Amino acid sequence: MSSCILKIENITKSFAGFIANKNVNLEIFEGEIHTILGENGAGKSTLMNILTGLYRPDSGNIYINGTRVNIKSPKDALNYKIGMVHQHFMLVNNISVFENLLLSMKLDSFVINERKLKSKVKEILREFELDIDIEMPVWKLSIGQQQWVELIKLLIRDSKILILDEPTAVLTPQESEFLFTFLTKLKSQNKAIIFISHKMKEVMTLSDKVTILKKGETVKTLNRGEFDEQLLAELMISNKEHLKLEKSAKVFSKQILKIKNLNVKNDKGLSDLSDFSLELFEGEILGIAGITGNGQKALAEVLTGLKKPLSGQIIVNDQDITYSTSKSKYISGIAHIPEDRKTMGIAPDLSVDENLILKNYSSDKFTNFFFLNKEKIKQNAREQIEKYSIKMGYDGIPVRLLSGGNIQKVIIARELSENPLILVALYPTRGLDVGSAEYVHQVILDSREKGMSTILISEDLDELLKISDRIAVMFRGKNMGYLSPESATKTEIGLLMSGKK
Ligand SMILES: Nc1ncnc2c1ncn2[C@@H]1O[C@H](COP(=O)(O)OP(=O)(O)OP(=O)(O)O)[C@@H](O)[C@H]1O
Ligand SMILES: [Mg+2]
């Protein structure tokens, strides 16, 4: 019999009157992978931040192995053997992996035997079959490898409770697979793993138990065998109305965008796009499949005027916009949902209302002569918040304090509200709960009816197959060719994604 290693009893936490966690109850056992599932803004990250000592609860109790504890700081949490892999890795990029590990250990103890630490790290690498050079600077590692470094940090401290908040949101499917093997091994060593994800397939394969949080409250805990995707979705979603995606048949005739032999280099002097060509039709959803890091980001950046190509041509509606700036008419008609929403998509300290009009605050819609019209801005915000069910806590809250998924919704709402000519969307549903992801798909399809063309960059083949009119595959900065979602198989797409024709 495994024992209850962590018990959460009636935890409540509010921010300026907004209740993010309300009487939450949860029991975590040794040797289990326990998923916390809930809509964007349900209070999952808040609860984890309480467990790791970043937030103090207003009331309630936490027990470790039956003893009541008071977690006042991240250091306390580590002493209680609770460790967390944060979504934004806390690594220093220009020093080596080992120096990073050393640094993190030095923060909680003065005396460190470097030799001993190194041999412990090597032991962990061997045990988990991690292919990583610990003398390598962190910036040279893939995202997946950086995540391993965060996990190693927890293992050298011998953490017993490991928290992973949406670890797979930034991973490629292959990296996710590897992570799951890693977690299964940790589980067999009797560690307790708290896992958060919006990807239902992962939740189904990985979880021994699932606890559902809804509007800050625990709904229930289910054991493996007692849940399926359908039931979980029903329990977590507050808006029961189920969307049925409608996609009309269409014939495309007018080319809206043509990219010819584009070459783009990145800051390190490597090619991001090499002889990249692409055509997009009016009203078409062109899915772009590919493993992250094969030039997708550069493609979005040249199209939106954030980056200049070395050579090649971008033509929109017969106009050459290759060297246009973001102020030009055509570029401003291209909406962008960026990959890194926290650094590129929002003004973090401004309110939701303000963020929703960032792109068009000077338009007549929101001004009276030269002055901003507060009432119109408020009205616009009310509509968008309702439409996208953005959960934002208290009124006037700076957008950076919203939950991850809700920040994403603010960006999407703003970018689509202007009826753009072309939408360039990078991983638009990453981090969105199932209901919100479906809603975003519906909005893209509705805009397609109105003639908007979309470049949908995604790693999720189900998403691409579901809403694209055609699918192109990117590999090492090149377009590997087009496929039809009606006839293409996942294997076919997968082969092209790895460069095999
Ligand atoms: N420091 C804070 N100040 C004010 N409000 C906050 C703060 N942290 C969280 N909140 C609010 O608490 C609510 C729950 O947020 P939380 O990040 O826990 O959600 P989540 O379940 O992790 O959602 P997601 O799936 O989108 O990550 C949100 O409405 C958020 O705005
Ligand atoms: Mg969260």
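Residues numbered from 1 in each chain as written. Chains lettered and ligands numbered in written order. Predicted model: local features only at pLDDT ≥ 70, side-chain atom pairs only at ≥ 80, totals over all residues.

## So, the site of ligand 1
Around ligand 1 lies a shell of 20 residues, among which N40, S45, T46, S403 and G405 are the nearest. Those elements that place two or more of their residues in the shell around ligand 1 are α1 (44–51) and α14 (404–417). When grouped by side-chain class, the residues that make up the shell around ligand 1 number seven nonpolar, 11 polar and two charged. Inspection of the shell around ligand 1 shows a minimum of three residues originating in each of domain 1 (4–236) and domain 3 (344–417). (Near = placed C-beta within 6 Å. Helix = DSSP H or I, 4+ residues; strand = E, 2+ residues; numbered from the N terminus. Nonpolar A, V, L, I, M, F, W, Y, C, P; charged D, E, K, R; others polar. Domains from an automatic or database assignment.)

## What to know about helix α5 (residues 143–156)
In a regular helix each residue adds 1.5 Å, so 14 residues correspond to 20 Å; α5 covers 20 Å between its end C-alpha atoms and thus fits that length. All of the buried residues in α5 are Q147, W148, V149, L151, I152, K153, L154 and L155. Where α5 is buried, its residues touch β6 (82–85), α3 (97–106), α4 (114–127), β7 (161–165) and α6 (173–188). The first or second residue beyond α5 is D158, which carries a positive phi of 60 degrees. (Expected span 1.5 Å × (residues − 1). Buried ≥ 20, exposed ≤ 12 C-beta atoms within 10 Å, placed from the backbone. Contact = placed C-beta atoms within 7 Å.)

## Details of the nonpolar core
Generally speaking, a soluble globular protein has its nonpolar side chains buried in company with each other. With 67 residues, the main nonpolar core has V410, V424 and V473 as its most contacted residues. For this core, the element with the most residues is α14, which contributes six residues. When residues of this core are sorted by domain, at least three fall in each of domain 2 (254–333 + 419–501) and domain 3 (344–417). Not counting residues up to four positions away in its chain, the partners in contact with V410 are I346, V352, N355, L356, I390 and V399. Counting residues in each nonpolar core, the second largest holds 50 residues, with A42, I50, L151 and L162 among its members. (Core = buried A, V, L, I, M, F, W, Y, C linked by C-beta atoms within 7 Å.)

## Considering the packing of α3 against α5
As a packed pair, α3 and α5 sit with axes 10 Å apart at the nearest point and diverge in direction by 45 degrees. It follows that α3 is oblique to α5 by the angle criterion. Relative to α5, the crossing made by α3 is right-handed. Here V97, N100, L101, S104 and M105 of α3 come into contact with α5, specifically with V149, I152, K153 and I156. Here the contact of α3 with α5 is built from residues that sort into six nonpolar, two polar and one charged. (Axes fitted to C-alpha atoms, helices over the stretch in contact; angles between N-to-C directions. Parallel < 35°, antiparallel > 145°, perpendicular 65-115°, else oblique. Left-handed = near helix turned anticlockwise from the far one by under 90°.)

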